[in-house]
Amino acid sequence: MLLALYSKQPWRTLYLTFQVLAIVLVFLPICAVKYLFTRPNPTWSWRHAMRVALTRRLNPLSTVIGKVPFDPDYRAIESGSGVEGVWMDEVPHLMNAELKIWSSVADVASIRIPGYWYAKTGLNLKPPTPIAAGQKVFLFLHGGGFTQMSAHPRSLISIVPRSLVELTDSAPYALAVEYRLSSTYPFAEEHPFPAALLDALAGYNFLVNCMGYDPSDIIVAGDSAGGNIALALTRYLVENKGSTEVSLPGPPGHLLISSPVTDMGNSHVTPGSSALTNDKDIINDFYNNPHDTPYRVLAYVGPFGAGIASCNRYVSPASLTPLVQARFIGFPRTFIIAAGMEVFLDQIRSLRDKMVRDMGEMQVTYYEAANAEHDYFIFSWHPDRPATLRAVQEWLVSG
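Please read all numbers here as calculations on a predicted model, not as lab measurements.

**Student:** Can you help me understand the overall build of the protein chain in this one?
**Tutor:** Scanning the protein chain from terminus to terminus reveals twelve helices and eight strands. In summary, the protein chain has a C-alpha radius of gyration of 20 Å against a globular reference of 21 Å for 399 residues, a match within 12%. Considering only C-alpha atoms, the protein chain reaches an extent of 60 × 45 × 45 Å along its principal axes. Here the protein chain holds 399 residues, and the buried ones make up 56% of them. Long-range pairs, those at least 24 residues apart, make up 79% of the contacts in the protein chain with a sequence separation of at least 6. Total accessible area on the protein chain is roughly 16,600 Å²; 56% of this is exposed by carbon and sulfur atoms. Considering the protein chain, the positive charge centre built from 31 side chains and the negative charge centre built from 34 side chains are found 4 Å apart.

**Student:** Even after reading the chapter, I still don't get the pairing of strand E2 (residues 113-119), so can you show me in this structure?
**Tutor:** Looking along a regular strand, one sees side chains alternate from face to face of the sheet. Most of E2 sits inside the fold, with six of its seven residues counted as buried. As paired strands, E2 and strand E4 (residues 173-177) are joined by five bridges and run antiparallel to one another. Paired with tyrosine 118 across the bridge in E4 is alanine 174.

**Student:** Just checking my understanding: could you explain helix H3 (residues 46-58) for this structure?
**Tutor:** Each α-helix winds once per 3.6 residues, and so residues spaced three or four apart point in a common direction. With 13 residues, H3 should reach 18 Å at 1.5 Å per residue; the first-to-last C-alpha distance of 18 Å fits that figure. Against the buried residues of H3 lie helix H2 (11-34).

**Student:** Which parts of the structure should I look at to understand the side chain of threonine 184?
**Tutor:** As for its position among the elements, threonine 184 is in the loop between E4 and helix H7 (195-211). For threonine 184, the residues in contact, after removing those within four places along its chain, are Glu189, Tyr295, Leu298 and Ala299.

**Student:** Can you help me understand the sheet that holds strand E1 (residues 85-88) in this one?
**Tutor:** Sheet strands pair via backbone hydrogen bonds, and the direction of the pair is either parallel or antiparallel. With mixed pairing, eight strands are arranged side by side in an open sheet as E1-E2-E4-E3-E5-E6-E7-E8. In this open sheet, the two edge strands, each paired with only one partner strand, are E1 and strand E8 (364-369). Sheet twist, expressed as the average angle between the axes of neighbouring strands with direction ignored, equals 20°. Relative to E8, strand E7 (residues 333-339) runs parallel, the two sharing six bridges. Across the sheet, residue threonine 334 finds its bridge partner in E8, namely valine 364.

**Student:** How should I be thinking about the packing of H2 against H3 in this particular structure?
**Tutor:** Helix packing geometry: the angle between the two helix axes and the distance between the axes. Orientation of H2 relative to H3, taken along the N-to-C sense of each, is 150°, at an axis distance of 11 Å. Relative to H3, the element H2 lies roughly antiparallel. In the packing of H2 onto H3, the handedness of the crossing is right-handed. The residues of H3 that touch H2, namely those facing Gln19, Ala22, Ile23, Phe27, Leu28, Cys31 and Ala32, are Trp46, Met50, Ala53, Leu54, Arg57 and Leu58. Grouping the amino acids of the contact of H2 with H3 by side-chain chemistry returns eleven nonpolar, one polar and one charged.

**Student:** Would you explain the environment of arginine 352 in this entry?
**Tutor:** Turning to its location among the elements, arginine 352 is positioned in helix H11 (residues 345-359). For arginine 352, a relative accessible area of 21% translates into the label partly exposed. Ignoring anything within four residues of it in the chain, the contact list for arginine 352 reads Ile336 and Tyr366.

**Student:** Would you explain the pattern of salt bridges in this entry?
**Tutor:** Close approach of charged atoms allows side chains with opposite charge to pair. With the rule as written, the count across this model stands at twelve salt bridges. Here arginine 235 and glutamate 239 are joined by a salt bridge, their closest N and O atoms 3.2 Å apart. With arginine 235 and glutamate 239 both in helix H8 (residues 225-239) and four residues apart, the pair spans about one turn of that helix. On the basis of relative accessibility, which here comes to 2%, the residue arginine 235 falls in the buried class. The partner of aspartate 279 in a salt bridge is lysine 280, with the nearest N and O atoms 3.1 Å apart. Linked by salt bridges that have partners in common, Glu98, Arg235, Glu239 and Arg313 make up one network.

**Student:** What exactly am I supposed to notice about the side chain of threonine 262 here?
**Tutor:** Of note, threonine 262 is situated in the loop between strand E6 (254-258) and helix H9 (274-277). Using a relative accessible area of 0% as the deciding quantity, one classes threonine 262 as buried. If sequence neighbours within four positions are ignored, threonine 262 has contacts with Asn228, Leu231, Ser316, Pro317, Ala318, Ser319, Gln347, Ile348 and Leu351.

**Student:** Honestly, unusual backbone geometry in this entry has me stumped. Any pointers?
**Tutor:** Most peptide bonds take the trans configuration, and most residues that are not glycine carry a negative phi. The omega torsion of the bond from tyrosine 185 to proline 186 falls at 10°, within 30 degrees of zero and hence cis. For the bond from phenylalanine 193 to proline 194, the omega torsion is 10°, close enough to zero to count as cis. A positive phi angle is found at phenylalanine 146, which is not glycine, with a value near 70°. Along the polypeptide, phenylalanine 146 turns up in the loop between strand E3 (137-141) and helix H6 (159-164). Judged by its relative accessible area of 3%, phenylalanine 146 is buried.

**Student:** Looking at this structure, how should I read the packing of aromatic side chains?
**Tutor:** Enumeration over the complete set of coordinates arrives at ten aromatic pairs. Through a chain of ring-to-ring contacts, the aromatic side chains of Trp102, Phe146, Phe193, Tyr300, Phe304 and Tyr314 assemble into a single cluster. Looking at arginine 352, its charged tip hangs above the ring of tyrosine 366, at a distance of 4.6 Å from the centre. The ring of phenylalanine 377 has arginine 385 lying over it, and the distance from NZ or CZ to the ring centre is 5.2 Å.

Definitions and cut-offs
- Residues numbered from 1 in each chain as written.
- Predicted model: local features only at pLDDT ≥ 70, side-chain atom pairs only at ≥ 80, totals over all residues.
- Heavy atoms only, no water.
- Helix = DSSP H or I, 4+ residues; strand = E, 2+ residues; numbered from the N terminus.
- Rg over C-alpha atoms; globule rule 2.2 N^0.38 Å.
- Buried < 20%, exposed > 50% of the residue type's maximum accessible area, 1.4 Å probe, protein only.
- Contact = heavy atoms within 4.5 Å.
- Areas by Shrake-Rupley, 256 points an atom, 1.4 Å probe, with all protein chains shown as cover.
- Lys, Arg positive; Asp, Glu negative; His and termini not counted.
- Charge placed at Lys NZ, Arg CZ, Asp CG, Glu CD.
- Pairing = 2+ DSSP bridges.
- Expected span 1.5 Å × (residues − 1).
- Axes fitted to C-alpha atoms, helices over the stretch in contact; angles between N-to-C directions.
- Parallel < 35°, antiparallel > 145°, perpendicular 65-115°, else oblique.
- Left-handed = near helix turned anticlockwise from the far one by under 90°.
- Nonpolar A, V, L, I, M, F, W, Y, C, P; charged D, E, K, R; others polar.
- Salt bridge = Lys/Arg side-chain N within 4 Å of Asp/Glu carboxyl O.
- Phe/Tyr/Trp six-rings, centres within 6.5 Å; stacked < 30°, edge-to-face > 60°.
- Lys NZ or Arg CZ within 6 Å of the ring centre and 35° of its normal.

See the structure below:
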């Protein structure tokens, strides 16, 4: 396995050096000339096409790099100008029997983790207490394929919570959860499912029982892999509402997910599907070989193996396999963002259809940018982003 070789020194440095030189000296010059005459999508500008090409080329390198060593993670709060971090306590008392079993199999536990506050321009970095009645707040779960990125304000994905808090005065703060990232061979086998769900639950509990937010005023938000975790957290709170086994906070009032990963199995990997035909997407490496399980999935499912992706409603809520009986009765008002050129398009549409079936059309808002790629919402330069933000703003203001 080449990944096992390239993940170790000195081969890792040699491989990455070669890739950087190839990208700078060969790949980008060829693309620069080629896109003067033809582009993957005729609606894209030259700059847009170049950015997508570079992202596509860099994405496969992430599995060689593994977790970026200088990125902040769950082990510490990294201070800095404009950074307001907070520790959020573990929540073993909020785990039901099912979650305890999964945690035991995966050898993970609920732990204290960091979070980072984001504030509307002109406000204090942290919301003042007591929280005003009716004031809403975002609980944000970042993307990164379950294996990379950070909730820290210096992260690329911090643009999402920064933008969300500017949309309405009624939701001027966001708390981003620094959940544990997953990894597997040839790196350390760490933090598989349900570690991220436990961390998201800790963040939610912090907002309700430490900060004093009403659950109905919480907007759970996530992009890509974070969208999957946001769905899992919401499901856990909805399914256990009123449970006598654990005393959980109530479900959130809103759910906002952008390009969520909703089927980590292969039920949407069929001839003619977006997984195979949307080959201009930025995550072109995800379905390179439809017969192989992607590294990111293997890292997240850990000891459960790829089979859990075909039978677990928390891991693959949009799966088409009969074993996944994912229902959405009781879910809050939901806004789903999708991109017409992303490989996950079909599974996101399946999620939409399942939610509409169980919740009704009035409770589900679906926004699809026809000429956009996966998780375009995180790119400040993307031409579809302003219209998407306006749509989200209208949805927030309307209810």
